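# A look at the structure
Residues per chain, in single letters:
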Amino acid sequence: MATTTLPPLTKKDFQTDQEVRWCPGCGDYAILSAVQSVFPELGIPREKFVVISGIGCSSRFPYYINTFGFHTIHGRAPAVATGLKLMNPDLEVWVATGDGDALSIGGNHTIHMLRRNVGLKVLLFNNKIYGLTKGQYSPTSEIGKKTKSTPYGTADRPFNPVSLAIGSEATFVARTVDVFMQHMKDTIKRASGHKGSAFIEILQNCNIFNDGAWHDVTEKEARSEHVVQLEHGKPLIFGKNRDKGIRLNGFELEVVQLGNGITEADLLIHDETHPRPSYAFTLAHMEHRPGFPTPIGVLRNWADVPRYEDTVSDQIKDVIAKKGKGDLAKLLRAGDTWEVRA
Amino acid sequence: MATIDLPIKKRDVEVIDKAVIRFCGDSGDGMQITGNQFTNTVALYGNDLATFPDYPAEIRAPAGTLPGVSGFQVQFSSGDVYTPGDSVDALIAMNPAALKMNLADLKKNGILIVNKDDFGETDLRKAQATTNPLEDHSLDGYRLFSVELTRLTRAALSELGLDAKSMDRCKNFFALGMCFWLYNRPMDSTTRWLEDKFKTKPLLAEANKRAMKAGYSFCEATEAFQISYEIPPAHLSPGTYRNMSGNQALALGFVVAAQKAGLKLFQGSYPITPASDILHELSMYKNFGVTTFQAEDEIAAITSAIGASYAGALAITTTSGPGMALKTEAMGLAIAVELPLVIVDVQRGGPSTGLPTKTEQADLLQALFGRNSEAPIPVLAAATPGDCFWMAVEASRIAVRYMVPVILLTDGYLANGAEPWRIPNLDDIPDFPVKFETNPDGFQPYRRDPQTLARPWAIPGTPGLEHRLGGLEKQDVTGNINYEPLNHEHMVRLRAAKVEAIVQDIPDVVPAGDPDGDLLIVAWGSTYGAITAGVNAQRAMGKRIGHVHLRNLNPLPRNLGEVMQRYKNVLVPEMNMGQLILVLRAKYLVDAQGFNKIQGRPFKQSEIESKIEEILD
């Protein structure tokens, strides 16, 4: 029999005929484009892709990408995706979510998905605002932020999404930015190769309700001073002239100026496979300190943890191997029985 | 198969047709185990039976106190048994608190066995008793057997080298041994059970066996009882039987349903009383390919099941009232995306946390209407513990045939109660094979089967069927998002019509008893036993009564309205404030009367009979 080779998939294969209903200028367009560019490169048949979302602007994602898609209810995408993955571990399942969906109403599902290490890829669009409900603060909004629901400023301390993911013992945690197209594509591609839960926070601009929320990170002039790009095995260097670095001093990180006896050899060399989550947590936390840059890239990449769906299906296989395939007639007759004769 | 070796017939054996016994004690006294062992033994002997386990919500309330009392009642008979019995022929009370809480249900001149060793001053104080009932003549109207259960058990186990605490834990088996003697029942089934349960702790197996034998021998030797009782086997329909509780029956029903549908079974669940046993049971059936998922909460339990259904599994989620409340939004999603799912609600007393271990039927309106907007859902209800098996199969069949979520209602009484169950022949249960959509030519996710209005089940991984589902309103056929006014009305009516269409697939009601006459009782759920027994008794006295017990609550059987018109009166007994009656009155304009009990306890046969007499006399 002749084998036919299907033509390779292209970006076009992942576009739908549905009108995209995000606001003009929204960061979501770039994320959609990045995902549509990466998916055909993964060598996975299109029918194996499933995109699952909750509620919010980000969660309209499945309608615009031509795969199997499921727009569920607010916060529950990780739980729906977990059920799907348990019953069909071969699928390539991506969760599109936002800061409100994943960290507020769905916070519980997010942490449990991560600690179980379900083989799901999570794209968390973080715009630090509620867009679809028109401008209330989100669990990542900075303290004191004035919004429609907090005219005198928020009293809530925000979550740092990657810290939360690391705290949940997530096995792959990364951060990228909607306007860094190549970095975003690379990060998405790396996530796709991870076996367990892969969590990507995407810093995303909502130009209607929270324009410029990531200005410090994205503004062309300043970005190199405010962003440190993490690369495995490479020192943490940043600055317009690549003249600043991050050094480990005891348990503390410190920013140092290169030169005057301080060389790259003194800097912290990034190890995304570091066995302790505390290492990645320390990196995640540095942006909260004055003078420190925001890290982007892969903070943690731990390959040794089995996928939840594999452990569950292996257990079923083990029990079948030990007990034999269940005999239903026997099961109905289990325990003490008695005969009543006519 | 058990062998039945009857003990030697004793001095005076009176043959009777039925007995009700209740074991009660502290929740740490092992009353549920004792009751279950007695039940299994009488079941194996061939009696018909019904049980009523009644235990506190607290795992270990302070020992000896009134809130810590746990009870197990069983009625067994040579005739048909429909209820665990209104009042008790023999009461075994392990302490003063148990005695105080249960004495009112003991018949006059009934047998009362108490543990004399637990009626000290402290025990009485814990039970808030001011005088010692063993001495104050308050028990004069009963046949009191005040036995040193603790001392005698310790004496029987003295050679085993156990500490006092471990020995005292065996005293329930001493009491069980006494009951086996009293009702002429063999100890071999319990002996086998002990050997199996304590496989790795043979000393404990031995201790319990000795305690049980000591209790039996104590009766034999002391001539404490002048008489023992013999209840001949019942005339059940021919077949192989086992004892079956409602939760166990549900679990088996779903395993069978999955096989009949040709699907894998997925259960998403979060532990909740009294539904947790379904999860415990199904988690043991891994070798049947069953996937059980203990989710992080009730919402994840149902949404993971929706994900599993999307993947092409027979998906179920099991809970009780508070969990139903949490699952509500997700049920709406399953309705909107038209994926099959079975939601089991093992009802308990509410509102809020309510009475976790006590039974009620007050979630009917929640099941029928408790969702935002127009969100119709088929609702089924099981009538007896064994019926839970059949309803699990039926709910699954409807779910996959019509591509809808289905609610199946049981309750705490059915869940924990048990009855002899005739084991069905698997081949007698029809297959309902599922055919997933595979053809991409002209595929539309919401194109419908003209008869059932079901949309195709198109599972991820199928080439060419890529499509989007979601909770937003959609256009029929294409599934594209659509907010147009007329489209919304069309979709609302269509989802309702789909559920209504199920009526073509469910049987008309045939009243038990008289096909027309003075009174029709319309009821649903676990009231079946008490109503059947009450109606039978009243009809035997010449009254013309029919009984319709609904297993389909949405849609209702087609001929129900017509059947109700054949009787002069319609009575609707419910363990709620009148929920089914609200629906019947609204839908059929029938002048039905309600009969309501909201005490966390099932109806008694006598209560049903009194009500019938009140209406007809």
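Note that the structure is a prediction, hence the values are computed from the model and not measured. Residue numbers here run from 1 along each chain, matching the order of that chain's written sequence. Going through the entries in the order they are written, you letter the chains from A and number the ligands from 1. Since the coordinates come from a predicted model, pLDDT governs what is reported: local features require at least 70, and pairs of side-chain atoms require 80 or more to be given and counted, while whole-chain, interface and lining totals use all residues.

The subject of this paragraph is helix 9 (residues 246-261) of chain B. Residue and element names in this part refer to chain B. Taking 1.5 Å of rise per residue, the 16 residues of helix 9 would be expected to cover 22 Å, and the 22 Å separating its terminal C-alpha atoms lies within 8% of that figure. With C-beta atoms placed from the backbone, a residue is buried if 20 or more other C-beta atoms are within 10 Å of its own, exposed if 12 or fewer are, and partly exposed between those counts. Secondary structure elements follow DSSP: runs of H or I of four or more residues count as helices, runs of E of two or more count as strands, with numbering from the N terminus. Counting buried positions along helix 9 gives 15 out of 16 residues, so the element sits mostly inside the fold. Where helix 9 ends, the next residue or the one after it, G262, has phi of about 70 degrees, a positive value. Multiply 1.5 Å by the residue count of a helix minus one, and that product is the helix's expected span.

Residues and elements named next belong to chain B. With domains assigned, chain B is organised as domain 1 (13-230), domain 2 (242-428) and domain 3 (512-616). Our contact criterion uses C-beta atoms placed from the backbone: two residues qualify when those atoms are within 7 Å. Between domain 2 and domain 3, the residue contacts involve 22 residues of the former and 21 residues of the latter. Sorting the residues of the side of domain 2 that touches domain 3 by element identifies helix 13 (364-369), strand 14 (379-381), strand 15 (405-411) and helix 15 (412-416) as the ones contributing at least two each. When residue character is reported, Ala, Val, Leu, Ile, Met, Phe, Trp, Tyr, Cys and Pro are called nonpolar, Asp, Glu, Lys and Arg charged, and the others, Gly included, polar. The residue inventory of the side of domain 2 that touches domain 3, partitioned by class, reads 15 nonpolar, four polar and three charged. Each domain's extent is set by a domain assignment, obtained either automatically or from a database.

Tallying the contact residues gives 53 residues for chain A and 61 residues for chain B. Secondary structure elements with two or more residues in the side of chain A that touches chain B: strand 2 (68-71), helix 2 (77-87), helix 4 (107-116), helix 10 (308-323), helix 11 (328-332) and strand 12 (337-340) of chain A. Considering each element in turn, the side of chain A that touches chain B owes the most residues, eight residues, to helix 2 of chain A. Split into classes, the residues belonging to the side of chain A that touches chain B amount to 25 nonpolar, 17 polar and eleven charged. The pairing of strand 12 of chain A with strand 9 (residues 239-245) of chain B spans four bridges and is antiparallel. Paired with A:T337 across the two strands is B:R242, which belongs to strand 9 of chain B. In this description, strands pair whenever DSSP reports at least two bridges between them.

Turning our eyes to something else, we now look at the sheet that holds strand 6 (residues 198-203) of chain A. Strand pairing within a sheet occurs via backbone hydrogen bonds; the two strands may be parallel or antiparallel. With mixed pairing, the nine strands of this open sheet are ordered in space as 7(A)-11(A)-5(A)-6(A)-4(A)-3(A)-1(A)-2(A)-17(B). Both edges of this open sheet fall to strand 7 (227-230) of chain A together with strand 17 (468-470) of chain B, since each of them pairs with a single strand only. Taken over all neighbouring pairs, the strand axes of this sheet differ in orientation by 20 degrees on average, direction set aside. As defined by bridge partners, strand 1 (residues 49-53) of chain A adjoins strand 2 of chain A across four bridges and the pair is classed as parallel. Looking across to strand 2 of chain A, one finds that A:V50 is bridged to A:F68. Here an axis means a line fitted to C-alpha atoms, over the contact stretch when the element is a helix, while the angle between two N-to-C directions is reported on a 0 to 180 degree scale. Sitting on the sheet, helix 2 of chain A touches strand 1, strand 2, strand 3 (92-98) and strand 4 (120-126) of chain A, and the angle it makes with strand 3 of chain A is about 175 degrees.

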